[in-house]
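Next come the chains, spelled out residue by residue.
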Amino acid sequence: MKMRSLLSLTIAGLLSSPSFATVISGKVTDVSGQPVEGAEVSIEGTRRVVTTDENGVYRFSDVKQTHVHLHVFSSQYIHGDNDLGEIVGDKTVDFSLTPSSVENIVVTATALQSSVLESVTPVTVIGAERLRRIEAPTLGETLKNTPGVQSTYFGPVSSSPIIRGNDGPRVKIVQNGLDVSDVSRVGPDHNVTSNLASATQVEVLRGPATLQYGSGAIGGVVNIVDKRIVQHQMDGVEGEAEVSYSTVDNGKYARGDVTGGSGNFAWHIDGYSRNTDDTDIPGYASVEPDEDEAYGVLESTAMETSDITAGLSYIGEEGYFGFAVEQLDNRYGVPGHSHEHEEDHDEEDHDEEDHDEELHEEEGVLIDVDMTRYQAAGEWHSPIRGLTNAKFAAAYTDYEHVEIEDGEQGTIFSNKSSDIRASVSHEEVDGWHGVLGVQFQHSDYEAEGEEAFTPANTSSNYAVYLVEQKVVGDVTFELGGRVEYTEYDADDSELSLEVTHADEEEHEEEEDHEEHEEQVTSYSFNKYDFTSTSLSAGLNWEYAEGRSIATTLSRSERAPSQQELFSAGQHLATQSYELGLVFDLDEDGHIEEDLKDVEKEVSTNIDVTFRKFTGDWGYTVSLFYNQADDYIYQTNTGLLAITEEHEDHEEEEEEGTPIYYFQQADADIWGLEAEAYYDVNAQVRVTVFSDYINAEIDDDNLPRTPPMRFGGNISYVSNGVSADVGVTWYDDQDDVASYETQTDGYTLLDASVQYEFGGQGVEWIVYAKGNNLTDEEARVHTSFLKDQAPLPGRNLTLGVRALF
């Protein structure tokens, strides 16, 4: 008991501050002198945050720092700050904020946590209110209308974000800055396990973000920010709850989150439940449907998901420490494998027993996910002289999923991983302030079963990084570098492969059709290790009030992922045979007994972003060019892996799946993202956006390159009523790779409306939203299943949300 008391006193002492007392107060107004209510005023290097009252007044009592730097944030204004330096006695500090016509949110995913408008790199932050409007069952579908972002779309049950044509191991998905550590980077059929139900914002960093997140972020980062570990003191309880129903899949969704605190302790609990049936579509699922294929339904897309998260924090004046636990259970179908249909999907009387039978007994492929995640985080302000704060964050994830085929257990995938990071921020030195950080990641991956197309392996990653920033007049300079060491240790494996050419099946009349012998080879892998170095330099110049130019030049190195290295087997969900970089495959389908050397991917990238963010109109335009040496890509070889032989009408036929081979070659990728708005009046805003990417490798196009698109939206807000109508046009994609087919374009029409009202401490929101209102058949070029799984048909979602 004495030791426990001593530990509690030690933590409380470290997170408390010495005793000097100063009062700092003032008033925050806009440029016309009107008070700004609800602005957050903070003291850099402390946990002290106060909110301005209706008169714009704020006040800090008992300030114990001798060097004080104040920051003022309000989402409707440009960030204000004042470095007071060394202070003696009480101070009165007033601020005049310039209005911003775009929501100006602090980006927590960046090392220096700049606001959206101050960032030297292209970034989009989706706040809580907007997120609730666009939230879909998967992360990829939620973010797909963000400029520069599209979706892998593996049916409505699984999709990941694609950033500037990059997905999989090039896009890092993190929750509160820590890797989600699922297996969504291994295959598009594996859903991202991140929880959006209680997210306060989602941050999308477009382009290389390797300095803070490593080589897995060479294409970009998606950071989901939530309140599972409370960081600020609070007294009382707040939260929200929501229920909704969607017509396209008979979907039932419920969620809730509650946060409370008293004194130095705060807690948080959130959870959600989602149950859906198979999804309605406009027509047949397949481009060339079988005779027995169901019309108007995408089979094997039912979903049954539940998730609960709980966290507890101790918060002192100079820091905090918190811990959280999450438990996810997710069971969902994988489309594209079965056309069996035992019951009419349009039947209206779906009770719980019918749904359970559909999900658990339907022939096809199901994935049953079980994940437990432990997360800790802490921050200590001004730990020693010269340092403004020290941060620590860690997560351990125990992930497992079972693939069930036709009701029988198949392959089991498991991934036990750790992610630990620590950083310190230093005081200004000759105008430069920055962050020095270290990171350690370890993963123990294993797959057992017929679809274990990657051998069991462990990976370890050690990294150190430095980011520095300096403001000179209207220009913010930023420099950074990172060095990381990655090591893979894979179990021995046996590769069994029988190959034929795809075009041979189309020429059965050939007289000299040779027999295909099965090649069986055993491989023993040496340790593969890579040392990657990344450097970046950027600036943001506000050349006129409310107008800026930001540019970044970076050179990033990426170690291959374990899937890219060691894949060797049938991937049932994508209906392909995957073969990794270490294997030497020739054009006739023969694999050498000796393993190949593998090079790091080296990318040189330049970004230029133009912003206007004041007045009744504005824009953000980003241009980028990426030249990559030894770019790693997966392409269809035109070869088929023979999976089985059977007799049909007394003739033996061979069935095979396409062989997708990971290869390396030099690539050039360039494109643009643009978004502009115009405020017709105080109630109506018109927004347009577009993005385009060109991706070439040697003399060919990169496969699954997103098509060009244009979108527009008209929104209305007045007296508790808000509504919007949006349309997005996707071009045909005819710039395709070898053995890849073209994809027709399509146009999607969406709309939503909501009404807010409140009383007695509860704010109510009732809403309705419609997607694909024209019921158009739309096939996603970036999807492995574009010919088997179109987007959902017309959908209407009705819901109610309560905030207290």
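What counts and how
- Residues numbered from 1 in each chain as written.
- Predicted model: local features only at pLDDT ≥ 70, side-chain atom pairs only at ≥ 80, totals over all residues.
- Heavy atoms only, no water.
- Helix = DSSP H or I, 4+ residues; strand = E, 2+ residues; numbered from the N terminus.
- Buried < 20%, exposed > 50% of the residue type's maximum accessible area, 1.4 Å probe, protein only.
- Polar contact = N/O pair within 3.5 Å; in protein donor to acceptor, adjacent residues only side chain to side chain.
- Contact = heavy atoms within 4.5 Å.
- Pairing = 2+ DSSP bridges.
- Axes fitted to C-alpha atoms, helices over the stretch in contact; angles between N-to-C directions.
- Salt bridge = Lys/Arg side-chain N within 4 Å of Asp/Glu carboxyl O.
- Patch = residues over 30% accessible without salt bridge, like charges linked within 9 Å, V, L, I, M, F, W, Y side chains within 5 Å.
- Areas by Shrake-Rupley, 256 points an atom, 1.4 Å probe, with all protein chains shown as cover.
- Lys, Arg positive; Asp, Glu negative; His and termini not counted.
- Charge placed at Lys NZ, Arg CZ, Asp CG, Glu CD.
- Phe/Tyr/Trp six-rings, centres within 6.5 Å; stacked < 30°, edge-to-face > 60°.
- pLDDT = per-residue confidence, 0-100.
- 1 Å grid on protein atoms, 1.4 Å probe; cavity = no way out; pocket = protein on both sides within 12 Å on 5 of 7 lines; lining within 4 Å.
- Points joined across faces, edges and corners; volume = space filled by probe spheres on them.
- Nonpolar A, V, L, I, M, F, W, Y, C, P; charged D, E, K, R; others polar.

Some words on the side chain of T743
If you trace the backbone, T743 turns up in the loop between β42 (721-730) and β43 (746-759). The buried category is assigned to T743, whose relative accessible area is 7%. Within the structure, T743 has its side chain in polar contact with the side chain of K786 (distance 2.7 Å). With residues near it in sequence (within four places) discarded, T743 still touches D732, Q733, R779, H781 and K786.

Notes on the sheet that holds strand β5 (residues 67-73)
Strand order in the open sheet made by the 4 strands is β3-β2-β5-β6, with antiparallel pairing throughout. Because the sheet does not close on itself, it has two edges, and the strands there are β3 (49-51) and β6 (80-86). For this sheet the average axis-to-axis angle between neighbouring strands, irrespective of direction, equals 15°.

Quick look at the pattern of salt bridges
Within the structure shown, the criterion is met by 25 salt bridges. Measuring nitrogen to oxygen at the nearest pair gives 3.1 Å for the salt bridge that ties E484 to R482. Exposure class is identical for E484 and R482. Each is buried. In this structure, the salt-bridge partner of E557 is R555, at a minimum N-O distance of 2.9 Å. A relative accessible area of 7% means that E557 is categorised as buried. Within the structure, one salt-bridge network assembled from shared partners comprises K227, E240, E242, R255, D257 and R801.

A word on a negative patch on the surface
The grouping of D629, D666, D668, E696, D698, D699, D732, D734, D735 and D744 at the surface amounts to a negative patch. Residue placement: D699 occurs in the loop between β39 (684-697) and β40 (700-701). The exposure class of D699 is exposed, given its relative accessible area of 85%.

Regarding the packing of aromatic side chains
Going through the model one piece at a time under the given rule, you end up with 22 aromatic pairs. Judged by centre distance (5.0 Å) and plane angle (85°), the ring pair of Y284 and Y295 falls under edge-to-face. Of this pair, Y284 sits in strand β19 (residues 279-284) while Y295 sits in strand β20 (residues 295-298); the two residues are 11 residues apart in sequence, bridging distant segments of the chain. You can call Y295 exposed: its relative accessible area is 60%. An angle of 65° between the planes, with centres 5.1 Å apart, marks the rings of F525 and F566 as edge-to-face. With a gap of 41 residues between them, F525 in the loop between β31 (519-523) and β32 (528-544) and F566 in helix α6 (residues 562-566) connect regions that are remote in the sequence. What makes F525 buried here is its relative accessible area of 6%. Pairwise contacts between aromatic rings join Y488, Y523, F525, Y528, F566 and F583 into one cluster.

Side note on the sheet that holds strand β14 (residues 201-206)
The strand order across the open sheet built from 5 strands is β9-β14-β15-β12-β13, with neighbouring strands paired in mixed fashion. Edge positions in the sheet fall to β9 (123-127) and β13 (178-179), since each of these pairs with one other strand and no more. By the bridge criterion, 6 bridges tie β14 to strand β15 (residues 220-225) in an arrangement that is antiparallel. Paired with E203 across the strands is N223, a residue of β15.

A short note on the confidence of the model for the protein chain
Note: predicted coordinates in regions of low pLDDT should not be interpreted at a detailed level. Per-residue confidence for the protein chain averages 88 on the pLDDT scale, and 90% of its residues sit at or above 70. Contacts from residues 505-514, a stretch scored under 50 in pLDDT, to residues over four places away or in other chains number 3 contacts.

A few points about empty space enclosed by the protein
Evaluation of the coordinates by the stated rule reveals 12 cavities of 30 Å³ or more. Its volume calculated, the largest cavity comes out at about 670 Å³. Taken together, 36 residues form the lining of the largest cavity, with K172, D179, S459, Y488 and S561 sitting closest to its centre. Sorting the residues of the lining of the largest cavity by element identifies β12 (171-175), β25 (408-429), β26 (432-448), β27 (457-472), β28 (475-490) and α6 as the ones contributing at least two each. Class assignment of the residues belonging to the lining of the largest cavity gives a composition of 10 nonpolar, 19 polar and 7 charged.

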